[in-house]
Amino acid sequence: QVQLVESGGGLVQAGGSLRLSCVASENILRVNRMGWYRQAPGKQRELVATITSGGITNYADSVKGRFTISSDNAENTAALQMNSLKPDDTGVYYCNAVKTTWGIQYDYWGQGTQVTVSS
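Residues numbered from 1 in each chain as written. Predicted model: local features only at pLDDT ≥ 70, side-chain atom pairs only at ≥ 80, totals over all residues. Heavy atoms only, no water.

**Comments concerning the sheet that holds strand E8 (residues 77-82)**
Then comes step 1: Ordered in space as E1-E3-E8-E7, the four strands form an open sheet in which the pairing is antiparallel. With one partner strand each, in any of the chains shown, strand E1 (4-7) and strand E7 (67-72) form the two edges of the open sheet. Geometrically, the sheet is characterised by an average inter-axis angle of 15° between neighbouring strands, direction not taken into account.
Then comes step 2: Bridge count between E7 and E8: six bridges; the pairing is antiparallel. By the bridge assignment, Ile69 is partnered in E8 with Leu80. (Pairing = 2+ DSSP bridges. Helix = DSSP H or I, 4+ residues; strand = E, 2+ residues; numbered from the N terminus. Axes fitted to C-alpha atoms, helices over the stretch in contact; angles between N-to-C directions.)

Now the structure itself:
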């Protein structure tokens, strides 16, 4: 029943690293794009990083040079390596997968994993 499974969140000190992982279930194979979004309390969900099935990446300006997204199309997985973490990186991180079928775009979301960065 779970479409996206996330792991890797936790509490880390500023300057530390975390690696988030996301696995898409078998019923959403052949996704066109996977990515990570985050949401801080009282704020809208924002894009962190995305990667297409062709390997094209996109990053929010605030994480460029610190975060790296990767994917394995055969396994329908996406990982987010987060280095040099800052307190402003704190939030709930959500995995996202996009699949287009018959010209219709479908969005899939994980339940979110909490990332807390202490100063």
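**Concerning the nonpolar core**
Then comes step 1: Counting 28 residues, the largest nonpolar core has Leu4, Met34, Trp36, Leu80, Met82 and Tyr93 as its most contacted members.
Then comes step 2: Of all elements in the fold, only strand E3 (18-24), strand E4 (33-39), strand E5 (46-52), E7, E8, strand E9 (91-101) and strand E11 (113-118) reach the threshold of two or more residues within this core.
Then comes step 3: It is E3 that provides the largest number of residues to this core, a total of four residues. (Core = buried A, V, L, I, M, F, W, Y, C linked by side-chain atoms within 4.5 Å. Buried < 20%, exposed > 50% of the residue type's maximum accessible area, 1.4 Å probe, protein only.)

**Here we look at the side chain of Asp89**
Then comes step 1: Tracing the backbone shows Asp89 in the loop between E8 and E9.
Then comes step 2: Residue Asp89 is classed as buried on the basis of its relative accessible area, which comes to 2%.
Then comes step 3: A polar contact is formed between the side chain of Asp89 and the side chain of Arg38, at a distance of 3.0 Å. (Polar contact = N/O pair within 3.5 Å; in protein donor to acceptor, adjacent residues only side chain to side chain.)

**Side note on the environment of Leu4**
Then comes step 1: Mapped onto the elements of the fold, Leu4 is located in strand E1.
Then comes step 2: Owing to a relative accessible area of 4%, Leu4 belongs among the buried residues under this scheme.
Then comes step 3: Measuring from C-alpha to C-alpha, the distance between Leu4 and Glu46 comes to 18 Å, with 42 residues separating the pair along the chain.
Then comes step 4: With near-sequence residues (within four places) excluded, Leu4 lies in contact with Cys22, Val23, Ala24, Ile28, Met34, Cys95, Asn96, Ala97, Tyr108, Trp109 and Gly110. (Contact = heavy atoms within 4.5 Å.)

**Quick look at the pattern of salt bridges**
Then comes step 1: The tally for this structure, following the rule as stated, stands at four salt bridges.
Then comes step 2: A salt bridge links Arg38 to Glu46; its shortest N-O distance comes to 2.9 Å.
Then comes step 3: Under the relative-accessibility criterion, Arg38 is labelled buried at 7%.
Then comes step 4: When salt bridges that share partners are traced, they join Arg38, Glu46, Arg66 and Asp89 into one network. (Salt bridge = Lys/Arg side-chain N within 4 Å of Asp/Glu carboxyl O.)

**Details of the packing of aromatic side chains**
Then comes step 1: On inspection of all chains with the given rule, the structure shows one aromatic pair.
Then comes step 2: In this structure, Arg45 is placed above the aromatic ring of Tyr94, and the distance from its NZ or CZ to the ring centre is 3.7 Å.
Then comes step 3: Stacked on the ring of Trp109, the Lys or Arg Arg45 has its end atom at 4.6 Å from the ring centre. (Phe/Tyr/Trp six-rings, centres within 6.5 Å; stacked < 30°, edge-to-face > 60°. Lys NZ or Arg CZ within 6 Å of the ring centre and 35° of its normal.)

**Focus: the pairing of strand E10 (residues 104-109)**
Then comes step 1: Direction of pairing for E9 relative to E10: antiparallel, over a ladder of six bridges. By the bridge assignment, Lys99 is partnered in E10 with Tyr106.
Then comes step 2: Between the antiparallel neighbours E9 and E10 lie two residues, among them Trp102 with a positive phi of about 55°.

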